[in-house]
Amino acid sequence: AASARDGHVRASTRRTMKNLKIWQKLGLLAVVFIAPFLIVTWTLLSTVEEQAGFARGELVGIEYAKPLLKLADDLRSHRALADRVIAGQPLATQLESSNAELQADLRAVDTVYQRADGESYGAKRWEVLRDGVRNLIADSKPRSAEASFELHGKLIQDTAGLVSQVGDVSQL
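Residues numbered from 1 in each chain as written. Predicted model: local features only at pLDDT ≥ 70, side-chain atom pairs only at ≥ 80, totals over all residues. Heavy atoms only, no water.

Quick rundown of the layout of surface pockets? Include the residues and the values.
Here the largest pocket defines a volume of roughly 320 Å³. If you go around the largest pocket, you meet 17 residues; those closest to its centre are Leu-95, Asp-139, Ser-140, Lys-141 and Arg-143. Taken together, the elements giving at least two residues each to the lining of the largest pocket come down to helix H2 (22-86), helix H3 (92-113), helix H4 (123-138) and helix H5 (145-170). In terms of residue count, the dominant contributor to the lining of the largest pocket is H2 (4 residues). Partitioning the lining of the largest pocket into residue classes produces 8 nonpolar, 5 polar and 4 charged. (1 Å grid on protein atoms, 1.4 Å probe; cavity = no way out; pocket = protein on both sides within 12 Å on 5 of 7 lines; lining within 4 Å. Points joined across faces, edges and corners; volume = space filled by probe spheres on them. Helix = DSSP H or I, 4+ residues; strand = E, 2+ residues; numbered from the N terminus. Nonpolar A, V, L, I, M, F, W, Y, C, P; charged D, E, K, R; others polar.)

Can you explain the side chain of Thr-159? Please cite residues and give values.
One can find Thr-159 in helix H5. Owing to a relative accessible area of 0%, Thr-159 belongs among the buried residues under this scheme. With sequence-adjacent residues up to four places away left out, Thr-159 is seen in contact with Leu-68, Leu-71, Ala-72, Leu-75 and Leu-129. (Buried < 20%, exposed > 50% of the residue type's maximum accessible area, 1.4 Å probe, protein only. Contact = heavy atoms within 4.5 Å.)

Account for the nonpolar core, naming residues and giving values.
Within the largest apolar cluster, 23 residues are counted, with the highest numbers of intra-cluster contacts made by Leu-68, Leu-75, Tyr-113, Trp-126 and Val-133. Elements that contribute at least two residues to this core include exactly H2, H3, H4 and H5. Contact partners of Leu-75, with chain neighbours within four places excluded, come to Leu-102, Val-133, Leu-136, His-152, Leu-155, Ile-156 and Thr-159. (Core = buried A, V, L, I, M, F, W, Y, C linked by side-chain atoms within 4.5 Å.)

Describe the environment of Ile-22, listing the residues and the values that go with them.
Structurally, the position occupied by Ile-22 is in helix H2. Considering only alpha carbons, one finds Ile-22 and Gln-94, 72 residues apart in sequence, at a separation of 88 Å.

Describe the packing of H3 against H4, listing the residues and the values that go with them.
Between H3 and H4, the shortest axis-to-axis distance is 11 Å and the interhelical angle comes to 165°. Compared by their axis directions, H3 and H4 come out roughly antiparallel. Crossing of H3 against H4: the hand is left-handed. On the side of H3, the interface is formed by Asn-99, Leu-102, Gln-103, Leu-106, Val-109, Asp-110 and Tyr-113, while H4 contributes Ala-123, Trp-126, Arg-130, Val-133, Arg-134 and Ile-137. Residues that form the contact of H3 with H4 fall into these classes: 8 nonpolar, 2 polar and 3 charged. (Axes fitted to C-alpha atoms, helices over the stretch in contact; angles between N-to-C directions. Parallel < 35°, antiparallel > 145°, perpendicular 65-115°, else oblique. Left-handed = near helix turned anticlockwise from the far one by under 90°.)

And the structure:
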């Protein structure tokens, strides 16, 4: 029964093909050969768009991470200078210069976090960190070497945590 049905389908297809005009046969042939190429092309284009979106996310992450990483480096330099000043070395001028550099870093990071997507990249955490760095700069009372190291270390660690959050959100 199955072979009789297959024979009937083949005969029916042959009759249909015989009844088609040449331009219809060529059109059908073109569709049969072009359809796989169109499917592959569409798949490729959608993959390219997906990768471009991923790259855009990474670029945004870099815009957030770059000033944060500079802040972390400048906090490390500030910590070293503060430790030397506490130890009695005459580096107050360099420490003031380092304070100015930290202020510039704060402005640079503030600029990035004013973007509309700042909340998803840790704007609340940034506000807490920024206040901590401002307090570090403004507080002129003497500290012990241990307290200074601990305060700087906490700020550096908080900055690293924020960089990590930026990396997670942007898939860096």
